[in-house]
Amino acid sequence: MKDNSRERIHSAAKDRLAQDRLIVALDVPTAAQARELASQLSGICRWIKVGLELYLAAGTAIVEELATQGFSIFLDLKFHDIPNTVAGAVRSAASMGASLLTIHAAGGPAMLSAAAEAAAASPNPPHLLAVTVLTSMDRQQLAAIGIEVSPADQVLRLARMATASGVHGLVCSAEEVRLLRQELGAAMQLVVPGIRPAGAEVGDQKRIATPSVAIRDGASNLVVGRPITRAGNPAQAAQAILDEIAGAL
Ligand code: C5P
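Residues numbered from 1 in each chain as written. Predicted model: local features only at pLDDT ≥ 70, side-chain atom pairs only at ≥ 80, totals over all residues. Heavy atoms only, no water.

**Q** What's the story with the site of the ligand in this structure? I'm lost.
**A** Taken together, A25, D27, K49, T135, P193, R196, Q205, V223, V224, G225, R226 and P227 form the complete shell of residues around the ligand. Here K49 contributes a side-chain N or O atom positioned 2.8 Å from an oxygen atom of the ligand. Between T135 and the ligand, the recorded distance is 3.1 Å, taken from a side-chain N or O atom to a nitrogen atom. When the ligand sits alone it has 470 Å² of accessible area, and the protein chains cover 83% of it. Taking a 2 Å distance to the grid points as the criterion, the majority of the atoms of the ligand fall inside the largest pocket. Residue assignment for the shell around the ligand shows that the elements contributing at least two residues are β8 (221–224) and α10 (226–229). Here the residues of the shell around the ligand sort into five nonpolar, three polar and four charged. (Near = heavy atom within 4 Å. Polar contact = N/O pair within 3.5 Å; in protein donor to acceptor, adjacent residues only side chain to side chain. Areas by Shrake-Rupley, 256 points an atom, 1.4 Å probe, with all protein chains shown as cover. 1 Å grid on protein atoms, 1.4 Å probe; cavity = no way out; pocket = protein on both sides within 12 Å on 5 of 7 lines; lining within 4 Å. Sits in = over half its atoms within 2 Å of the grid points. Helix = DSSP H or I, 4+ residues; strand = E, 2+ residues; numbered from the N terminus. Nonpolar A, V, L, I, M, F, W, Y, C, P; charged D, E, K, R; others polar.)

Structure below.
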């Protein structure tokens, strides 16, 4: 095979891998806005995250619609309830076509195991991601709810407990991803929000990293919202991030 065709195949494979790594957070208030963005990103991005804002506005229908269009869906509703209720919620989310779901690690091992069993028994089992300590919580906020350790110590404790209970991965900030990768090994799925390309507006995010730094530190997937959804040209913004990810792989 000629060197340049080998290079082309190699770079096409990297582009596909980059598409698997990028999750676009579709944080918009209406189904119409979600549809418009999805049509601009179709063929460029593979993963869409539906969070509370869009889900509460547009419900199951928008999740099913985006899944039918071929997007893989991360349904980020952060379940936290008794084990029986969370297991039922996981079954419902799996049946609407979500491939990734979030649950709060603080729900404890019984809740996490019930969720993992419900996911595994679904016809199309979704991956469960545990949220450890919300990035909005600092040492003071933790102390106020009776947790007298540092956020990093609490993240590690919950991460170990959640992975022992059968979840497939964790949501963490770029600041913790290197430590969690070292502690939990190569197979653990680590999903990192708070991603900002160099020069992008930071907004309300605090613990941020560029796409290439987060990938090099061990992130499996990057969650990117406003740098894509509020860009003048969302497709172009997404492609630039995909190129940066591909360059870091
Ligand atoms: O617009 P931006 O890129 O900041 O969006 C980040 C997305 O990731 C949002 O949907 C936000 O809810 C989510 N997220 C986060 N921090 C966490 C967990 C989720 O920013 N710790």
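**Q** Which parts of the structure should I look at to understand the nonpolar core?
**A** What tends to happen in soluble globular proteins is that the nonpolar side chains get buried as a cluster. Counting 75 residues, the largest nonpolar core has L22, V50, L66, L75, V90, I103 and L128 as the members making the most contacts within it. With near-sequence residues (within four places) excluded, L22 lies in contact with C45, W47, L222, V224, I228, A238, I241, L242 and I245. Listed in part, the 10 residues of the second largest apolar core include I23, F74, L100 and V131. (Core = buried A, V, L, I, M, F, W, Y, C linked by side-chain atoms within 4.5 Å. Buried < 20%, exposed > 50% of the residue type's maximum accessible area, 1.4 Å probe, protein only. Contact = heavy atoms within 4.5 Å.)

**Q** Explain the packing of aromatic side chains here, please?
**A** Within a pair of aromatic rings, the relevant descriptors are the distance that separates the centres and the angle that separates the planes. Applying the stated criterion across every chain yields a total of zero aromatic pairs. Against the face of F74 rests K49, its NZ or CZ located 5.9 Å from the ring centre. (Phe/Tyr/Trp six-rings, centres within 6.5 Å; stacked < 30°, edge-to-face > 60°. Lys NZ or Arg CZ within 6 Å of the ring centre and 35° of its normal.)

**Q** Just checking my understanding: could you explain helix α4 (residues 83–95) for this structure?
**A** Side chains that are three or four residues apart share a direction in an α-helix, a result of its 3.6 residues per turn. If you check α4, its first and last C-alpha atoms are 18 Å apart, about what 13 residues at 1.5 Å a residue would give, namely 18 Å. Taken as a whole, α4 has its buried residues at V86, A87, V90, A93 and A94. End-on view of α4: buried residues confined to an arc of 125°, all on one side of the axis. α4 presents N84 and S95 as exposed residues on the side facing more than 90 degrees away from its buried surface. On the buried face of α4, the contacting elements are β3 (72–79), β4 (98–104), α5 (109–120) and β5 (127–131). Phi turns positive one or two residues past the end of α4, at G97, with a value near 100°. (Expected span 1.5 Å × (residues − 1). Arc of directions from axis to C-beta.)

**Q** I tried to follow the sheet that holds β5 on my own but got confused; where do I start?
**A** Across a sheet, strands are paired by hydrogen bonds formed along the backbone, either parallel or antiparallel in direction. The eight strands are arranged β1-β2-β3-β4-β5-β6-β7-β8 in a closed barrel whose pairing can be described as parallel. Put simply, the sheet's adjacent strands are angled 25° from each other on average, direction ignored. Judged from the three bridges that link them, strand β1 (residues 22–25) and strand β2 (residues 47–51) form a sheet pairing that is parallel. Residue pairing for β2: A25 is matched across the bridge by K49. (Pairing = 2+ DSSP bridges. Axes fitted to C-alpha atoms, helices over the stretch in contact; angles between N-to-C directions.)

**Q** Could you clarify how one ought to interpret the pairing of strand β7 (residues 189–192) in this entry?
**A** One face of the sheet, then the other: side chains in a regular strand alternate in exactly this way. Side chains Q189 and V191 of β7 all project onto a buried face; the interleaved residues L190 and V192 project onto the opposite face, where all are buried too. One crossover worth recording links strand β6 (residues 169–171) to the parallel β7 by way of helix α8 (residues 174–184), and it is right-handed. Pairing of β7 with β8, which is carried by two bridges, proceeds in the parallel orientation. What sits directly across from V191, in β8, is N221. Crossover connection from β7 via helix α9 (residues 211–216) to parallel β8: handedness right-handed. (Right-handed = clockwise from strand over helix to strand, strands pointing away.)

**Q** What is the right way to read α8 from this model?
**A** Where α8 is concerned, the buried positions are A174, E176, V177, L180 and R181. Each buried residue of α8 lies within a common arc of 140° when the element is viewed along its axis, so the set occupies one face. For α8, exposure combined with an orientation more than 90 degrees from the buried face picks out E175 and Q182. Where the residues of α8 are buried, they touch α7 (151–164), β6, β7 and α9. One or two residues past the end of α8 sits G185, with phi positive at roughly 90°.

**Q** Mind showing me how you'd approach the environment of S113 here?
**A** You can see S113 is positioned in helix α5. Relative accessible area serves as the criterion here: at 24%, S113 is assigned to the partly exposed category.

**Q** Help me out: how do you make sense of the layout of surface pockets in this one?
**A** Taken as a whole, the largest pocket encloses approximately 950 Å³ of empty space. In this structure, the largest pocket is lined by 37 residues; those nearest its centre are K49, K78, T135, P193 and Q205. Elements supplying a minimum of two residues to the lining of the largest pocket: β2, β3, β8 and α10. Considering each element in turn, the lining of the largest pocket owes the most residues, four residues, to β3. (Points joined across faces, edges and corners; volume = space filled by probe spheres on them.)

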